[in-house]
Every structure is written in structure tokens, then in C-alpha cells.
Amino acid sequence: MTINIARRGFIKSSVWGATGLIVAFSIPLGTRFMQVAAAAEADKPLPAPNAFLRISKDNTITVILAHSEMGQGVWTTLPMLLADELDADWKTIQVEHAPAAPTYIHTAYGIQITGGSTSTWSEFDRYRQAGALARALLLQAAANTWQVPVSALRTENGHVLHGKQSLSYGQLAEAAAGLPTPKQVTLKTPAQWKFIGKATRRLDSAEKINGTAQFGQDIQFAGLKTAMVARAPVFGASLKSVDDRAALKVKGVIKVVKVPTGVAVIAEHYWAAKQGREALILDWNIADADKIESATLVQQYQQLAATRGVVAANAGDTTTGLTQAKHTISAEYVLPYLSHAPMEPLNCAVKITDAGCEIWTGTQMQTTDQAAAAKICGIAPEKVTIHTQFLGGGFGRRANPRADFVSEAVQVALAANLPVKTVWSREDDIHGGFYRPMFVHRAEIGIDSNGHPLAWQHTLVGQSIMKGTPFEAFMIKEGVDATSVEGVADSPYVKATAHHHVSLHSVESKVPVLWWRSVGHSHSAFVMESLIDEMAHASKQDPLALRRRLLKDHPRHLATLNLAAEKAQWGKPLPAGVFRGIAVHESFGSYVTQIAEVSVNQGEVKVHRMITAIDCGLVVNPEGVRSQMESCVSFGLGAALKSEISFKQGRVEQSNFHNYQVLRLNEMPIVEVHLVPSTAKLGGVGEPGLPPVAPAVTNAIFAATGKRIRSLPIGEQLA
Amino acid sequence: MQLSINGKMTELDIPEDMPLLWAIRDIAGLNGTKFGCGMAQCGACTVHLDGQAVRACMTPASVAVGKKITTIEAMQDDRVGQAIQAAWQSIDVVQCGYCQSGQIMSATALLKQNPNPNDAEIDAAMSGNICRCGTYQRIRSAIHSAAKSLA
């Protein structure tokens, strides 16, 4: 017997509105967005505890996760929040992903989504409240059993205690389930926390080291077939004709069907599907498709960057400011398209019956996937069940407002009239689009003799990731996609400059783009922190000292700068040939300084050590924060050193890990993570470590070689 | 085709050229071994063939006939595998976890051949296994820790 009620019962049609899509949607950014969330909290009803946990007679407490576990650790962090208020026995905690249902919509975003480094802070109240409510019910159940007042009872380690009497939560679960839910609960004070703030090992470790953890790729059931889709070789191309005779002769191939994205080969297993797909003779209409060339594209972007675009931030008069300057920095920065390349290639299993559509996949965005599947099947969203599996990495790729891999899998299952798991090869993934957009930045900065900016003129060129998605209405204001200019238009350096002008050219392209770990900050921090370094060198200032002065009114930036500098012993000599670079950046409500120790030998860059200092506000799981900082260093360093998606004749030149290169173990530096003690409102940790990685490294390269890296990846530029 | 997987002889009806990875996953139904790249670039599919770490995605199943195939599912019954898994857990290595079967198979093969590897030897043995979550630093220290526990 459990406290839970039938989980499918949560799915209500009311949230879906007339369009069948999203209602109550808002996605304000950064700190603004947290203020909105905080304001909304006051009127929010308490969560139904039984939607977030189940207590079984055997004392197992199952925590139901509104967010997807993709490596970032919510499988552990959210249960910590709940367990603290529940006074749970940690050993009895189990975890499962929630179904796609309105109960589990993001407390700030209004849809069910895992992204924006928001999971822990956005659930900080809801999971604690759920735990506190369950505890209150268990206390009342015990009080009724013993005929004593609740005030005579206490809870500890999964038990309600009265003197020497004790009842386990499992023993009380059935009685508690029948009680009315209290209207309010009092949450613990920080001094009473047992779990929050304590370094806690992951709850998903055991199954992930013995091979039993189930990812979308691992879904198997009787009758499930494997499909691979042959997609257009160039973005925007359409299918002219297909000859599938040879494919159908491949042993194990069952069917070949056309779907909007291409031609699907359905087979008994992956190998047959792959061979069948290779045997297809496909004729594509690529005449009107984009014949993109990366080199030409860079030139076009550079031309645009020479003129102002749509204004994103403006004050004073930069022309006047520039004439007053002692030195002028004039620089252009180029960043490539990037693929997320999560270790688990995309996949999605679909079974369509008269009862509805069932989906098994690793997704970061259940609401839009559910809506897309419903639309394709012509059924109500509540008839679409999503079984979220462990995600073998997400980094943003599995949160697609266009629901690309889920929609396609539903189309395949529908066309084939079979339960089908669509599997992408690594080549499909690298060629599949939804990249971090390419960006060019051009900046003219006039500084005084102390290196302080008097005028800051900054133009960005790149594709909008929000255009054409349901987010457009909220995220594109007066022609500016906030995620394109974040980290520049709202930069403390720019804001403090009397004369500044930030503008954006949003380029149209058939190349699909998407958020990539740290979104706009992934390019803007590289540019901004490189520019600050350029300013420091132009005015012969120490890069740390200049940042300290420019950020003197920003105590949280300063705290991370100071902590990292102290731990790195900034200013003290390093071994011969090793040089330091520093960068600081705020994103997703957190502040991070990275100090890189780098040597360059015959053009080879070696990053020896990264010293990371983060202020993410109150820390729930310090071990989780450290892991995410290590992860950000690795992900950011791979992109800085090696990763690039480029185009020739409209075709993506990379295809697999031999030419879309990512960081490997032998290139991983020692990462030392230091947390700024803080009681400030929680920030994110999945992404904020990444933005300052690349500029810390390239600033160290400048210190080592005098060469300013203004385009990524670093690649062979030092050879 | 008869294959010995984790000490059990298994009869599989598969084409000669099917990579061992798909024989293990799609035919034998053992899902712990992962597909990551299909061209021996990422190591997610690493299994042992007569004790040697191999990339199953590029190894034809027919090559494994007459040899002992060992997958992640057998590591909890292996002395070195157990030590590696215990170290992985105590150092909290995993994040998304998708690459970890392959990492553990590579690490176990390493320790069986070299019970006390230094950092350079770990780099050499483990750089064929990609982890996009960046658990590399913890993998290094978990291998040292497992080596110590086995000594």
C-alpha cells in the first residue's frame, strides 16, 4: 500500500488550452527570472505530496522527479531536499522519473522541462514542501494511532517516535494516506538541515556502474523494431525519389516508409536497419537548399558585424567616447557552430495503440514532446504517455522546442504501423543540426590610461535560437533574441561604461540551431573576458587587478575572483613555461572565476590545472557542485581546443568523434573547485562553470605566447 | 554462431559481419554495453575478448567465436571489476553514466595487465574512452584507488 494515487490521473486537459500547446508559459532570464519566480511563490498552492513521493509498507520512499537526470545530479539533489523535511532514512530512498503531466511543470517556466541550470533552485521549495507535508501526515497518523497530541511526537530517520514507542513511515503510510492534507506547513531552519549542504554521493551510481541503468537506447520489448532514417544530406533539401528494392532484400529489414524527414528503414535490429539504410538509393532535391560554405559565411558575418544591427543596449554616444580614449581596442571574434554530441546518440521508442501513444526516451522537455506527438497522432495530449529514461547526456540537445527526434519517431511508428525505436547513428547526430549557432562579435572599446572603458561599441552576428519556436514571443523583444546577446548586453563591464552600444544582426539560415550548454554565454563570455584581457594588456594592467577594479561594485564576482586568485597564488611564479589566464562570468544566477595554467610547446597547448571558484548561492550538494564544475571544464575545454561544425557545399564536414573532436582523458587538466560560502539565493551549477573556461585558457595562451586567440577552436592556430 | 558470453555458451542466429556490439545488445539482450560511435572512436562499447579490451562496435561477432567474451554484466563477479566498481562508487565518478560501462571495462583490463599504473599509463589506456560529462579526473583517481585496494 502506498500514499500515491494513480499517476495517470494527474493528466488534466485544462493546461493544454485551445492551441493544444503551452499555456502559462514564461521564461524570463537570469536574475530577473528568479525574481518573477519568487513573486509567484506567495500565491502558489502547496504541492500534492503524493505526486512527489510514495511511501511503501517496506519503508521504501520513492521520490518522483519532475526533472530529467542527464548527469547533472537531480536524482540525488531533489531527494535531499525532500528527505530533509521528511526526516527520511536516506538508505530507503528510491527515485523515478515523473510522467509527463501538468503536476510536474517547472515552477518558473510553466512547462515540464529540464534546462537553464534551474532544477535545484526551482524545486528548492516544492520538494521541501512535499517532504514536510508527508511528514505532517505521518505525524498525524501516529498521533491518531497512539491517541496522543502531535506535539508529543518527533520524527527521526524514517520513524515517528513517542517516548520509547516507534512506528516506521512504512507502518504509518496507509493510515496517513487517508488523512486530509494540511493547508500549511512550517519548513525547517537551515540549522535543522541534515542533508542540505552535506556532500552526498549519487543515488544513481550503482546501476550506472553495473550496466543495469536503463537509457532510452536500452528499451526492448516484444514486438519492438529498430528504425534508422535516411535524412537529407543538406539542410533544406527534400526527397525526390527513393529506390528501396535492395534495402528490402537485406536480411532483417521489415519495411521502408517515407516520413517528413526522409526515409525510414524498419528492421529487426540496428545492424539490419543500418545495412538496409545504406542500400537505399536516394535522390534528393537540393537545388533550393542552402549551399553553405563556412569560409563564405564567416565573411558575410564579418561584413554585417561592421555595421550596427538592432539595438540591444545603448547609453551615451560611443563616437564621443571613442575620441576621448587613450587606447582603442578594435577586435573581431569568431565562434563556430557546435554539436552537443551527447554520448548516447538520440533515440526514441514509440508504441501507438487505440489507447494512445506511448513514448520511451531520454528527454529534457516532456511538455513539447507530448504536444508534438499528440498533434501527429491526432489525439489529446493526455493520451500520450512519456516514460522518461536516464539521459546519456543532454547539454540542451534533448530539449528541443521542435521536438525533432520525438516527432520523427512518432511519424515512423505511425507510417510503419509497428512499435518502433528510432536510433540515430553518431553520424546522424553530428549531421543532425540543432547546433550552437556560429557567432561573430566585433568590438571597439576606448579605454583610459588605467584600462577603464570610456566607450564600448559591440556588434554581434548570429542566428536566433528562439525564432520560430513557442519561445519567440517571450524571448525576442524588439528584434533582439535575449539569448543571443546575454553576457554582453547585460554585462557589468558594458553597463558601467558611460558610452555603450550593443547591437545584433540575427541571421536567417536553414541550419537548425539550439541552446548548447550555457547558451549565449558559451560565446559571449569568451569574447567579453578576452576583451577585458586585451584592455589590461593595452593599458599594462594586471588582468586580475583590472577585473577587481572594474567589478568593485559586484561583490559576488569579486568573491570568486579573490578566492580563485588566492588558491592559484596569482602573482607567484609558476614552473618554467607555464602561464596563467583568468576569466570571470556570471550566468544562470551563479558567478564563476576560472584560472587556467597553460603551457604552449611547438604550437601544442597543454592545460595543466584549472582553479575554479564558484558562488552559486546556498549549496545543496557540494559534491554535486564540484562534479558539475569538473564537467564544465571538460566540456568547455573540448570546445575551446578542438570542436567545430563546418560546412562545405552545404554539407557538414564532420561526422564522428575522429573529426568532431571532444576532450579526452589525457587532455583533462587537474580541476580544483572552490566554493564561496554563501547564503544567497540558489543559482545554477550545470552551466555557469563553462563560459569562463575558454577565455581563461586563451588569456593564458596570450601570457605564454603574446598571441591573442580571437577565434575558436584554438586548433592549429599556434602551430 | 556460438558465442561464449560471460561464461555462458549462447547460440545466436546472426549474419557473419554483425558487429559484436549488436550481437550482445540486440540479439543476446545484454544492454550494459553501449553504442556511442560505431567506429571505435569513443569506447562506450568496450568489452573483453579473452581478457583484452576491444571495441565491440568494430569487432565482427565472428571474430569472437571460440573466445571468451566478458561484458560489464560480469564485472560484479570479477575481483578486479569489483575493486573498480567500488572505487567508482566511493569517488562518485558517474554523471550521465552512459560511457561508464566502457570506462569500467577499459579500466579493469588495464589493472589486470598493469596492477599499479601511473598517470601516463592511465592516460594511454583510457584516452580511447570518451566521457562528455567530463568525469576524467575522477576516473583517474578511481583507478589509482582501485589499484591500491587490490595491492
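Please read all numbers here as calculations on a predicted model, not as lab measurements. (Residues numbered from 1 in each chain as written. Chains lettered and ligands numbered in written order. Predicted model: local features only at pLDDT ≥ 70, side-chain atom pairs only at ≥ 80, totals over all residues.)

Hey, could you run me through the overall build of chain B in this one?
Counting its secondary structure elements, chain B contains 5 helices and 5 strands. Compactness check: chain B gives a C-alpha radius of gyration of 15 Å against a globular reference of 15 Å for 151 residues, within 12% of the reference. Expressed as a percentage of the 151 residues in chain B, the buried residues total 61%. The long-range fraction of contacts in chain B, counting pairs at least 24 apart against all pairs at least 6 apart in sequence, stands at 63%. (Helix = DSSP H or I, 4+ residues; strand = E, 2+ residues; numbered from the N terminus. Rg over C-alpha atoms; globule rule 2.2 N^0.38 Å. Buried ≥ 20, exposed ≤ 12 C-beta atoms within 10 Å, placed from the backbone. Contact = placed C-beta atoms within 7 Å.)

Help me understand the overall build of chain A in this model?
Summing up its helical and strand segments, chain A has 21 helices and 28 strands in all. Taking 719 residues into account, the globule formula puts the C-alpha radius of gyration at 27 Å, and chain A, at 27 Å, falls close to it. With the C-alpha coordinates aligned to their principal axes, the bounding extent of chain A is approximately 80 × 70 × 50 Å. With 719 residues in all, chain A has 58% of them scored as buried. Here the contacts in chain A between residues at least 6 apart in sequence split such that 78% fall between residues at least 24 apart.

What am I meant to see in the confidence of the model for chain A here?
Where the model shows low pLDDT, its predicted coordinates should not be examined in detail. Residues of chain A with pLDDT of at least 70 account for 93%, and the chain-wide mean is 93. The low-confidence segment residues 1–42 of chain A (pLDDT under 50) makes 69 contacts with residues lying over four places distant or belonging to another chain. (pLDDT = per-residue confidence, 0-100.)

Explanation requested: helix H8 (residues 270–279) of chain A in the structure shown.
Residue pairs three or four apart in sequence face the same way in an α-helix, which turns once every 3.6 residues. With 8 of its 10 residues buried, H8 of chain A lies for the most part within the structure. Tyr270, Trp271, Ala272, Ala273, Lys274, Gln275, Gly276 and Arg277 of chain A are the residues of H8 of chain A that are buried. Summarising the contacts, the buried residues of H8 of chain A are in contact with strand S7 (225–231), helix H7 (245–249), strand S9 (253–259), strand S10 (262–267) and strand S17 (420–423) of chain A together with helix H1 (20–27) of chain B.

Quick question: what am I supposed to make of the environment of Gly116 of chain A here?
Relative to the helices and strands, Gly116 of chain A is located in the loop between strand S3 (93–97) and helix H4 (119–146). Here the alpha-carbon distance between Gly116 of chain A and Leu224 of chain A, two residues 108 residues apart in the chain, equals 34 Å.

Looking at this structure, how should I read the domain arrangement of chain A?
It is common to report an interface's size as the accessible area lost on association of the parts. Residue and element names in this part refer to chain A. In terms of domain boundaries, chain A breaks down into domain 1 (7–205), domain 2 (225–291), domain 3 (307–338 + 435–705) and domain 4 (357–423). Each side of the interface is counted separately: domain 1 has 19 residues, and domain 4 has 23 residues. Of the residues that constitute the side of domain 1 that touches domain 4, the class distribution is 10 nonpolar, 8 polar and 1 charged. (Domains from an automatic or database assignment. Nonpolar A, V, L, I, M, F, W, Y, C, P; charged D, E, K, R; others polar.)

I keep staring at the pairing of S7 of chain A and nothing clicks. Help me out?
Both faces of the sheet carry side chains from a regular strand, because those side chains alternate between them. All names here are of chain A. With 7 of its 7 residues buried, S7 lies for the most part within the structure. On S7, burial covers both faces: Lys225, Ala227, Val229 and Arg231 on one face and Thr226, Met228 and Ala230 on the other are all buried. Two elements, S7 and S17, share 3 bridges in a ladder whose sense is parallel. Paired with Lys225 across the bridge in S17 is Val420. With 6 bridges connecting them, S7 and S10 associate as antiparallel partners. Of the residues in S10, the one forming a bridge with Val229 is Ala264. (Pairing = 2+ DSSP bridges.)

Even after reading the chapter, I still don't get the interface of chain B and chain A, so can you show me in this structure?
Contacts between the two partners involve 45 residues from chain B and, on the opposite side, 50 residues from chain A. Among the elements of the structure, H1, helix H2 (79–90), helix H3 (100–113), helix H4 (119–126) and helix H5 (136–150) of chain B are those that each provide at least two residues to the side of chain B that touches chain A.

Before we go on, may I ask you to explain unusual backbone geometry in this structure?
Both trends apply: most residues other than glycine have a negative phi, and most peptide bonds are in trans. Residues and elements named next belong to chain A. Looking along the chain, the bond that leaves Leu712 and enters Pro713 is cis, with omega of 0°. Residues other than glycine seldom take positive phi values, yet Asp87 does so here, at roughly 55°. The topology assignment puts Asp87 in the loop between helix H3 (74–86) and S3. In this structure Asp87 comes out as buried when scored by C-beta crowding, with 23 C-beta atoms within 10 Å. Of note, Asn157 is a non-glycine position whose phi angle comes to about 50°, a positive value. Mapping Asn157 onto the fold places it in the loop between strand S4 (154–156) and strand S5 (159–162).

Which parts of the structure should I look at to understand the domain arrangement of chain B?
Residue and element names in this part refer to chain B. For chain B, the assigned domains read domain 1 (2–73) and domain 2 (75–150). Averaged C-alpha coordinates put domain 1 and domain 2 at centres separated by 20 Å. Taken together, the contact pairs 15 residues of domain 1 with 13 residues of domain 2. Taken together, the elements giving at least two residues each to the side of domain 1 that touches domain 2 come down to strand S3 (46–49) and strand S4 (52–55). Broken down by element, the residue count for the side of domain 1 that touches domain 2 peaks at 3 residues, all from S3.

In this structure, what is going on with the packing of H3 of chain A against H4 of chain A? I would like to understand it.
Residue and element names in this part refer to chain A. Two elements in contact, H3 and H4, have axes separated by 7 Å at closest approach and are oriented at 40°. Helix-helix and strand crossings are classified by hand; for H3 and H4 the assignment is right-handed. Contacts between H3 and H4 involve Val74, Thr77, Leu78, Leu81, Leu82, Ala83, Asp84, Glu85 and Leu86 from the former and Ser119, Thr120, Glu123, Phe124, Tyr127, Arg128, Ala130, Gly131, Ala132, Ala134 and Arg135 from the latter. (Axes fitted to C-alpha atoms, helices over the stretch in contact; angles between N-to-C directions. Left-handed = near helix turned anticlockwise from the far one by under 90°.)

Help me understand the packing of helix H18 (residues 543–550) of chain A against helix H19 (residues 555–568) of chain A in this model?
Geometrically, a packed helix pair is captured by the angle between its two axes and the distance between the axes. Residue and element names in this part refer to chain A. The geometry of H18 relative to H19 is characterised by a closest axis approach of 10 Å and an angle of 155° between their N-to-C directions. If you check the angle between H18 and H19, you find them roughly antiparallel. For the pair H18 and H19, the sense of crossing is left-handed. Contacts between H18 and H19 involve Leu544, Arg547 and Arg548 from the former and Leu558, Leu561 and Ala565 from the latter. By residue class, the composition of the contact of H18 with H19 is 4 nonpolar, no polar and 2 charged. (Parallel < 35°, antiparallel > 145°, perpendicular 65-115°, else oblique.)

Is there a simple way to explain the sheet that holds strand S12 (residues 310–315) of chain A in this structure?
Strand pairing in a sheet is mediated by backbone hydrogen bonds. Such pairs are either parallel or antiparallel. Residues and elements named next belong to chain A. Taken together, the 5 strands give an open sheet; going across it, the order is S12-S22-S19-S18-S13, and neighbouring strands pair in mixed fashion. Each edge of the sheet is formed by a strand with only one pairing partner; in this case those strands are S12 and strand S13 (327–335). Strand-to-strand twist in this sheet, taken as the mean axis angle between neighbours without regard to direction, amounts to 5°. Sheet topology places S12 next to strand S22 (residues 499–506); 5 bridges connect them, and they run antiparallel. When the bridges of S22 are listed, Val311 appears paired with Ser503. Relative to the sheet, helix H9 (residues 294–305) contacts S13, strand S18 (439–447), strand S19 (453–462) and S22, its axis offset from that of S18 by approximately 35°. Docked against the sheet, helix H17 (residues 521–538) engages S13, S18 and S19, running at close to 150° with respect to S13.

Explain helix H20 (residues 622–641) of chain A here, please?
For H20 of chain A, built from 20 residues, the straight-helix expectation of 28 Å at 1.5 Å per residue is met to within 8% by its first-to-last C-alpha distance of 28 Å. Of all the 20 residues making up H20 of chain A, 17 are buried; the element is thus mostly covered by neighbouring parts of the structure. (Expected span 1.5 Å × (residues − 1).)

What exactly am I supposed to notice about the environment of Ile27 of chain B here?
By secondary structure assignment, the location of Ile27 of chain B is in helix H1. The class for Ile27 of chain B is partly exposed, based on 19 C-beta atoms found within 10 Å. Sequence separation of Ile27 of chain B and Leu3 of chain B is 24 residues, and the distance between their C-alpha atoms is 11 Å. Not counting residues within four places of it along the chain, the set of residues in contact with Ile27 of chain B comprises His269 of chain A together with Leu12, Ile14 and Trp22 of chain B.

Help me understand the environment of Thr459 of chain A, please; the structure alone is not making it clear to me.
All names here are of chain A. By the secondary structure assignment, Thr459 is in strand S19. Residue classification places Thr459 among the buried positions, given that 23 C-beta atoms sit within 10 Å. Along the primary structure Thr459 and Leu504 are separated by 45 residues, whereas in three dimensions their C-alpha atoms are 5.7 Å apart. The contacts of Thr459, once residues within four sequence positions are left out, are Ala305, Arg308, Gly309, Arg442 and Ser503.

Just checking my understanding: could you explain the sheet that holds S4 of chain A for this structure?
Residues and elements named next belong to chain A. Read across the open sheet, the 3 strands follow the order S4-S5-S6; overall the sheet is antiparallel. A single partner strand is all that each edge strand has here, and the edge strands are S4 and strand S6 (165–168). On average, adjacent strands in this sheet sit at an angle of 30° to one another, irrespective of strand direction. Bridge count for S5 against S6 is 4 bridges, and the pairing is antiparallel. Bridging across to S6, His159 finds its partner in Ser168. Contacting S4, S5 and S6, H4 runs over the sheet at an angle of about 40° to S5. Docked against the sheet, helix H5 (residues 169–177) engages S5 and S6, running at close to 70° with respect to S6.

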